[in-house]
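Chain and residue survey
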Amino acid sequence: HGFWCGSTMRIAVVGAGIVGVTTAYELQCDGHEVVVFERRASVAEETSFANAGVVAPGYVAPWAAPGMPRKMLGHLAGRHAPLRIASVAAPGQWRWMWRWWRACDARTSAGNRACMHRLARDSHDRLRALSHDLRLEFERTDGYLVLLRSQRELKQARPGLKLLAELGETFHLVDATRARQIEPGLNPGTPLHAAIHLPGALVGNCRQFAHLLRLEAQRHGADFRFQHEVQRVEPGSKPSVHAIAGDTAAGTVAESFDAVVVCAALPSLSLLAPLGVRVPMIAVHGYSITAPLRHFEGHPDIGPRSSIMDEQYKVAISRLGQRVRVAGSAELGGRLNAHNPAALGTLYKMLDDWFPGCAQLAQVQAWKGARPMMPDGPPVIGRAGPAGVWLNLGHGSSGWALCAGSARLLADLVAGHTPAIDPSGFTPDRLR
């Protein structure tokens, strides 16, 4: 499944989240010698751990869009608001907000959305191809249903439907009766006016996929070094990685490579700053709760069949094997280890609104992840500037939806190949 390049290199990948794992796999399949450094004990232990699992290219879009500043201010007032500001003094937050506001310009936003959609479409196809060709058995279903509670919500959704059509996405606007046929477990007592059905969307367990792809990368020869925290990266014709192993007292060990690819999400900022590389990336925290589904004889459709999105509250409810996951909220600032009870309360409310009684909540797993987001939307993929250093960063809440395409794009750029999609919208040059 590889794309052989003329000259092979020894390449370090820093970070083993879903982006780092897919990047390592693509580079290894291209014939490179890949070493992955990860500070945790396994792959997908942080931002990739418990996301919503939805890969729907038509719904991958930048936050920075016309009308969004006013819409976001309106969200802040509600008890179950999809957006919260936990702190107004988080490092870099005001500068990020300023760049975000400027990127809300209609022309800028349209260009960024087009870039992200191209990458999302390529990534979706690549993800399906990898799953099929490598026979990766992970929890997955097909189809995504966006629920519109009222006529007003349908009216607000019309411009988005027009854009989906322009992007060439396959979707069906269905009435409430048809929506309940697609998802028979939906609570009949919760008002539902219409829904947008995307049958081609993929819903899958991101963490399971990362573990399986890591095994494939290792089978091809990739070396994964867990509990190795990278302290610094030195650029040059032979860039070096200085890492400390968590299970030894030997101190920091330096190792040389032909190239270093930084995929370490927010910790990347401290690695890149000494190199003069400033990435305007902040954490936009997201929440999820996951619990086993109940089993009632004669009621096979309890819980979702695939995944639904409540458009009003921006919360997704997905089936992952015999479990249900509810994911949503966007929290600016705050701490990763401080869970907001109101944000979690919204997730429980959505589960009760649409699938009451479907989950064994005594066994619930609550999670909060720091999603690294760029102010204008697209991730940063390409050469960093300092010799031998490359970036694959800033995917925000779309890391699972963009990982496979981002990895292939990065691998093509490293090899000097012409990528399948135009890389200009993602290169680090745009940050200057």
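The paragraphs below set out a description of the structure included in this document. (Residues numbered from 1 in each chain as written. Predicted model: local features only at pLDDT ≥ 70, side-chain atom pairs only at ≥ 80, totals over all residues. Heavy atoms only, no water.)

1. Some points on the pattern of salt bridges
The full count for this structure, using the stated rule, is 26 salt bridges. With its nearest N and O atoms 2.6 Å apart, the salt bridge here joins Lys162 to Glu166. In this pair, Lys162 and Glu166 both sit in helix H5 (residues 151-166), 4 residues apart, roughly one turn of the helix. Note on Glu166: relative accessible area 53%, which makes it exposed. When salt bridges with common partners are traced through the structure, they connect Arg10, Glu33, Asp223, Arg225 and Glu255 into a single cluster. (Salt bridge = Lys/Arg side-chain N within 4 Å of Asp/Glu carboxyl O. Helix = DSSP H or I, 4+ residues; strand = E, 2+ residues; numbered from the N terminus. Buried < 20%, exposed > 50% of the residue type's maximum accessible area, 1.4 Å probe, protein only.)

2. Section: the nonpolar core
Soluble globular proteins tend to bury their nonpolar side chains together. Grouped together as the largest cluster of nonpolar side chains are 51 residues, with contacts concentrated most on Phe209, Phe224 and Trp400. For this core, the secondary structure elements donating two or more residues are strand E1 (10-14), helix H1 (18-29), strand E2 (33-38), helix H4 (106-133), helix H7 (206-219), strand E8 (223-226), strand E12 (259-262) and helix H10 (399-415). The element that contributes the greatest number of residues to this core is H10, accounting for 10 residues. Once residues within four sequence positions are removed from consideration, Trp400 is found in contact with Ile18, Asn51, Gly53, Val54, Val55, Leu127, Phe138, Leu202, Gly204, Asn205, Cys206 and Phe209. (Core = buried A, V, L, I, M, F, W, Y, C linked by side-chain atoms within 4.5 Å. Contact = heavy atoms within 4.5 Å.)

3. Concerning the sheet that holds strand E11 (residues 253-256)
Pairing is antiparallel in the open sheet, where 3 strands are placed in the order E9-E10-E11. Of all the strands in the sheet, just strand E9 (228-234) and E11 have a single pairing partner and so form its edges. Here the strands of the sheet are splayed against their neighbours by 30 degrees on average, with no regard to which way each runs. With 4 bridges connecting them, strand E10 (residues 240-245) and E11 associate as antiparallel partners. Its bridge partner lying in E11, His242 is registered against Ala254. (Pairing = 2+ DSSP bridges. Axes fitted to C-alpha atoms, helices over the stretch in contact; angles between N-to-C directions.)

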